[in-house]
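Reading the structure
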Amino acid sequence: MADTISVSIIITFAAELLFSLALPILALVIWKKKEGTELRPAWIGAAAYFVFGMVLEQLINAAVLGTGSSAVSTFLLGHPWLYAVYGGLSAGILEETARFLVYRTMLKDSVGRENAVTFGIGFGGLECIMVLGLTVLSTLMMSISFNNMGAEAFAAQYANSEYQIVLETIAEINAISPLAGVMNCVERAAVFALQIELSVLMFGVVRSQKFWLYPVSILLHAAVGFLAALYQTNVLTSVYLLEVLLVVYAVAVFFLARKVYCELPMEKPRELDHFGRVIKRK
């Protein structure tokens, strides 16, 4: 076991954590300053991702995949391409349906296209923080604890049965390069952009009655999950290829989202307070 974890690795983790927080916050601040929109759609978007993307999606995946012992989970896990299709469609259907339901209920009075972007920033922003930020935070805390305690004292916390796992974990952390941190940030930036773009497309379904965009949005979303699942199952082995595909894909979807956005109605001017809430005049 290594005596310490490299300072450069710890700095990489800290930079990733900062990026996961700064990306959605800066996007929201810049967008609000540019368009003067209220912030409520962002908070609702974050809540929608948590409920549908973190809770319901995980519950469904646990029921379908379980521990790998059921016939369905064994079949899917034994067929990587089908597993990738399932992973992509489950995320696409749940998250796009979340947008649709929220637009038809909680944001039914927010008719302006600016709200779609604000919602997307909240939706994709929480995903960025949960997927990248929290993961990196736990590894960063482990790394700092390891360096402060020393290898022997750190390993002594664990039972003999876990000792080998600790050794492997520390070795994996020490093998991480700063370039891997850059790749993680690139991936999150691309997915964050896609969540905003997909939010605009679903807004077009509800506000412009472009119902054909509903299945299109699901399939576009599913493609991202499909690629991620192929990488998880080692069908796609190059992380660099994965990141390039995600960036190119986000750019391609942007042009469709931009076309839909330009055809959507604008929000009527509203007076906002310093918290970004609509001031209702009697």
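Since we're looking at a predicted model, the values are computed, not measured.

**Here's the deal with unusual backbone geometry**
Both trends apply: most residues other than glycine have a negative phi, and most peptide bonds are in trans. Look at Gln 209: it is not a glycine, yet its phi comes out positive at around 60°. With respect to the element layout, Gln 209 can be found in the loop between α8 (178-207) and α9 (213-232). One non-glycine residue, Asn 234, lies in the positive phi region at around 65°. Secondary-structure assignment places Asn 234 in the loop between α9 and α10 (239-263).

**Overview of a nonpolar patch on the surface**
A surface patch of nonpolar side chains, about 400 Å² in accessible area, is lined by Phe 50, Val 51, Val 55, Leu 56 and Leu 59. With respect to the helices and strands, the residue Leu 56 is situated in helix α2 (residues 40-65). Residue classification places Leu 56 among the partly exposed positions, given a relative accessible area of 33%.

**Looking at the environment of Ala 71**
When you line up the elements, Ala 71 lands in helix α3 (residues 71-78). Ala 71 sits in the exposed class, given a relative accessible area of 66%. Spatially, the C-alpha atom of Ala 71 lies 42 Å from that of Ile 144, the residues being 73 residues apart in sequence.

Conventions we followed
Residues numbered from 1 in each chain as written. Predicted model: local features only at pLDDT ≥ 70, side-chain atom pairs only at ≥ 80, totals over all residues. Heavy atoms only, no water. Helix = DSSP H or I, 4+ residues; strand = E, 2+ residues; numbered from the N terminus. Patch = residues over 30% accessible without salt bridge, like charges linked within 9 Å, V, L, I, M, F, W, Y side chains within 5 Å. Areas by Shrake-Rupley, 256 points an atom, 1.4 Å probe, with all protein chains shown as cover. Salt bridge = Lys/Arg side-chain N within 4 Å of Asp/Glu carboxyl O. Buried < 20%, exposed > 50% of the residue type's maximum accessible area, 1.4 Å probe, protein only.

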